[in-house]
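Here is how the chains run, residue by residue.
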Amino acid sequence: MTVAVPPEVDLFVIGAGSGGVRAARIAAGYGAKVAIAEEYRVGGTCVIRGCVPKKLLVYASRFAHEFEDAAGFGWTVPKPSHDWATLIANKDKEIDRLERAYVANLEKSGVVILRSRAAMVDPHTVRLASGETCRAKHILIATGGAPTVGEMIPGRQHIITSNEAFHLPALPPRVLIHGGGYIAVEFANIFAGLGSAVTLVCRAGNILRGFDEDVRDHLRAEMERRDVMVISGETILAVEHSGACCGVRLAGGRYLEVDCVMYATGRSPNVTGLGLEAAAVKLAANGAVAVDKYSRTSAPHIYAVGDVTDRIALTPVAIREGHAFADTVFGNKPTAIDHTNVPTAVFSEPEVGVVGLTETEARERHARVDIYKATFRPMKATLSGRDTRMLMKLVVDGADGRVLGCHIVGEGAAEMIQMVGVAVKMRATKADFDATMALHPTAAEELVTMRTPTARYGLEAAE
Ligand SMILES: Cc1cc2nc3c(=O)[nH]c(=O)nc-3n(C[C@H](O)[C@H](O)[C@H](O)COP(=O)(O)OP(=O)(O)OC[C@H]3O[C@@H](n4cnc5c(N)ncnc54)[C@H](O)[C@@H]3O)c2cc1C
């Protein structure tokens, strides 16, 4: 059904992803007349080709280890086999359902959905692909980001990104993933769990740049134990196609033959062709739309939220920013977003959950830092026989005992860190953690039972 383009609105949102949809609905709830334009599918990256389909694939991949682990508990499991086509079809059905729910919720809120690309032609006018225009009192840029692949790399046409990974016709027997960030690591584990032979090539000295060094080392060792080959300090020179295979030439001279090459080397803000100049919206040095703490751009009535601003590229952050924008502009409640202590996870195998400062960051910012660290064999591994260890780490301000960071690698880490995030946000101290009764037998109890620091920094300065 074609929807008529309203000639004038209070708010025009460009991009119906996590941030844009939330902003549109909340603004409409305040009585604003709102239109939203989407060039691909309503729901955006998270719902259509990000968090949600990724987590469904993660669930699928983890059964492999569950089947293996079951034997030690007395189960006899016939040799399992996996059907990629069934997984993808079921995943697609769920994504379609979610997209319909997003559309229904927008419509229920009275938001006009325009299924088109949109760009600004002057500070108050948005033009759709049809050439029709709409005048807006306020414009919200919520166009997200897109995967980047070096355009110059020979064989570029044979390389896929996470976008295509969700729609591969079959599970590739051998996959090479280039990148060391969380998307690269997650897909390495997904493919490995489903049965592919996986090589992860990253430019940095280790995976997960920006994470705590112990987390990086621990996860890498765990992945290698699960037969993911990690090659660090390397980069791809060229990808050559021969028959059904790809030959990958690395800068260090190695040549690898695989069936699929995926790049997860980063994402860049979707700003091309948006008409930013015509609307007097400025970019920051990193190519993202520059905004203040209220998400306002250099044009006072134009705002931007989510990945296009490249603050913290996570769904809950985009949603918060979108909500705060609507409160600020249409709800008469100026709301700035606090981007500190945002809990985050890597849905690898095993999982990573972190919140707050890494040990390195804490030592740069605080005079005294105490580290509490434990690695142990999780109880489930005793009978399963799996060779795995869990990591728990607390980074504590040695002066006042405040917990500055928490880092977990192991089963359930993401679920745990969501709740640890509450304590860290409330400025809980190590003494608060210690005063909390342990819940036995869990892995999480380790967080409240680590008594002695494994390292102390800055003591001399305090003495
Ligand atoms: C593989 C993957 C896994 C991820 N996993 C997680 C996770 O586990 N947890 C987490 O928190 N985050 C995760 N993310 C990040 C998360 O998806 C993003 O942070 C989030 O979607 C950002 O929301 P947004 O509203 O800024 O942009 P998006 O959700 O990207 O929405 C932007 C929308 O704008 C549309 N658009 C762009 N330009 C135009 C235009 N000119 N006209 C009309 N429409 C336009 C796009 O089609 C898109 O639908 C993941 C991302 C990826 C790629």
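These numbers come from a predicted model, not from an experiment.

Section: the site of the ligand
So, step 1. Near the ligand there are 36 residues, and of these Gly19, Glu38, Thr45, Lys54 and Asp307 occur at the shortest range.
So, step 2. Interatomic distance of 2.6 Å between a side-chain N/O atom of Lys54 and an oxygen atom of the ligand.
So, step 3. When residues of the shell around the ligand are traced back to their parent elements, those giving at least two are helix H1 (18-29), helix H2 (44-49), helix H3 (51-70), helix H6 (182-194) and helix H8 (315-330).
So, step 4. Ranked by the residues each element gives to the shell around the ligand, the list is headed by H2, at four residues.

Quick word on the sheet that holds strand E15 (residues 260-263)
So, step 1. The five strands lie next to each other as E8-E15-E9-E10-E11, forming an open sheet whose pairing is parallel. Every interior strand has two partners, whereas the edge strands, strand E8 (159-160) and strand E11 (229-232), have only one.
So, step 2. Summarising the sheet, E8 and E15 pair through two bridges and their orientation is parallel. If you follow Ile160 over to E15, its bridge partner there is Met262.
So, step 3. Together, strand E9 (174-178), strand E10 (197-202) and E15 form the strand contacts of H6, whose direction differs from that of E10 by roughly 165°.

Digging into the packing of H1 against H8
So, step 1. Orientation of H1 relative to H8, taken along the N-to-C sense of each, is 30°, at an axis distance of 7 Å. It follows that H1 is roughly parallel to H8 by the angle criterion. When the axes of H1 and H8 are compared, the crossing they make is right-handed. In this structure, H1 contributes Ser18, Gly19, Arg22, Ala23, Ile26 and Ala27 to the contact, and H8 contributes Thr315, Ala318, Ile319, Gly322, His323, Phe325, Ala326, Asp327 and Phe330.
So, step 2. Along the lines of polarity and charge, the residues of the contact of H1 with H8 split into eight nonpolar, five polar and two charged.

Observations regarding empty space enclosed by the protein
So, step 1. One pass over the structure, following the stated rule, counts one cavity of 30 Å³ or more.
So, step 2. There is about 50 Å³ of room inside the largest cavity.
So, step 3. Lining the largest cavity we find Val58, Ser61, Arg62, His65, Asn189, Ile190, Gly193, Phe347, Ser348 and Glu349.
So, step 4. Secondary-structure elements contributing two or more residues to the lining of the largest cavity are H3 and H6.
So, step 5. Broken down by element, the lining of the largest cavity gets its largest block of residues, four residues, from H3.
So, step 6. Each residue belonging to the lining of the largest cavity can be placed in one class, and the counts come to three nonpolar, five polar and two charged.

Things to note about the nonpolar core
So, step 1. In terms of nonpolar packing, the biggest core is built from 41 residues, with Ile177, Phe187, Phe191 and Ile207 touching the most fellow members.
So, step 2. Among the elements that take part in this core, H6 stands out by supplying seven residues, more than any other.
So, step 3. Once residues within four sequence positions are removed from consideration, Ile177 is found in contact with Ala184, Phe187, Ala188, Phe191, Thr199, Leu200, Val201 and Met262.
So, step 4. Membership of the second largest hydrophobic core comes to 25 residues, among which are Phe12, Ile141, Leu274 and Val289.

Topic: the pairing of strand E20 (residues 369-376)
Two faces belong to every sheet, and in a regular strand the side chains alternate between them.
So, step 1. Among the eight residues in E20, six count as buried, and that is most of the element.
So, step 2. Alignment of E20 against strand E21 (residues 390-397), held across eight bridges, turns out to be antiparallel. Counterpart to Thr375 in the pairing with E21 is Leu391.
So, step 3. Note: E20 against strand E23 (residues 455-457), three bridges, orientation antiparallel.

Quick look at the sheet that holds E23
So, step 1. Strand order in this open sheet of six strands is E18-E19-E22-E21-E20-E23, and the pairing throughout is antiparallel. A strand with exactly one partner marks an edge of an open sheet, and here the two such strands are strand E18 (344-346) and E23. Sheet twist, expressed as the mean angle between neighbouring strand axes with direction ignored, is 15°.
So, step 2. Of the strands in this sheet, strand E19 (352-356), E20, E21 and strand E22 (403-409) touch helix H7 (residues 213-225), which is tilted by about 175° from E21.

Brief notes about a positive patch on the surface
So, step 1. Together, Arg22, Arg25, Lys108 and Arg320 make up a positively charged patch on the protein surface.
So, step 2. For Arg22, the position within the fold is in helix H1.
So, step 3. Assessed through its relative accessible area of 31%, Arg22 is described here as partly exposed.

Points about the packing of aromatic side chains
So, step 1. Applying the stated criterion across every chain, the model contains six aromatic pairs.
So, step 2. Ring centres 6.2 Å apart and planes at 40° place the aromatic pair Phe187 and Phe191 in the tilted group. Taken as a pair, Phe187 and Phe191 lie in helix H6 at a separation of four residues, close to a single helical turn.
So, step 3. Residues Tyr303 and Phe325 carry aromatic rings whose centres are separated by 5.0 Å and whose planes lie at 55° to one another, so their mutual orientation is tilted. In this pair, Tyr303 is assigned in strand E17 (residues 302-304) and Phe325 in helix H8, connecting sequence segments 22 residues apart. Each of the two residues, Tyr303 as well as Phe325, counts as buried.
So, step 4. Here the aromatic residues Trp84, Phe166, Phe187 and Phe191 are joined through ring pairs into a cluster of three or more.
So, step 5. When the ring centre of Tyr457 is taken as reference, the NZ or CZ atom of Arg363 above it lies at 3.5 Å.
So, step 6. It is Lys430 that lies over the ring of Tyr372; its NZ or CZ is 4.3 Å from the centre.

Rules of the game
Residues numbered from 1 in each chain as written. Predicted model: local features only at pLDDT ≥ 70, side-chain atom pairs only at ≥ 80, totals over all residues. Heavy atoms only, no water. Near = heavy atom within 4 Å. Polar contact = N/O pair within 3.5 Å; in protein donor to acceptor, adjacent residues only side chain to side chain. Helix = DSSP H or I, 4+ residues; strand = E, 2+ residues; numbered from the N terminus. Pairing = 2+ DSSP bridges. Contact = heavy atoms within 4.5 Å. Axes fitted to C-alpha atoms, helices over the stretch in contact; angles between N-to-C directions. Parallel < 35°, antiparallel > 145°, perpendicular 65-115°, else oblique. Left-handed = near helix turned anticlockwise from the far one by under 90°. Nonpolar A, V, L, I, M, F, W, Y, C, P; charged D, E, K, R; others polar. 1 Å grid on protein atoms, 1.4 Å probe; cavity = no way out; pocket = protein on both sides within 12 Å on 5 of 7 lines; lining within 4 Å. Points joined across faces, edges and corners; volume = space filled by probe spheres on them. Core = buried A, V, L, I, M, F, W, Y, C linked by side-chain atoms within 4.5 Å. Buried < 20%, exposed > 50% of the residue type's maximum accessible area, 1.4 Å probe, protein only. Patch = residues over 30% accessible without salt bridge, like charges linked within 9 Å, V, L, I, M, F, W, Y side chains within 5 Å. Areas by Shrake-Rupley, 256 points an atom, 1.4 Å probe, with all protein chains shown as cover. Salt bridge = Lys/Arg side-chain N within 4 Å of Asp/Glu carboxyl O. Lys, Arg positive; Asp, Glu negative; His and termini not counted. Charge placed at Lys NZ, Arg CZ, Asp CG, Glu CD. Phe/Tyr/Trp six-rings, centres within 6.5 Å; stacked < 30°, edge-to-face > 60°. Lys NZ or Arg CZ within 6 Å of the ring centre and 35° of its normal.

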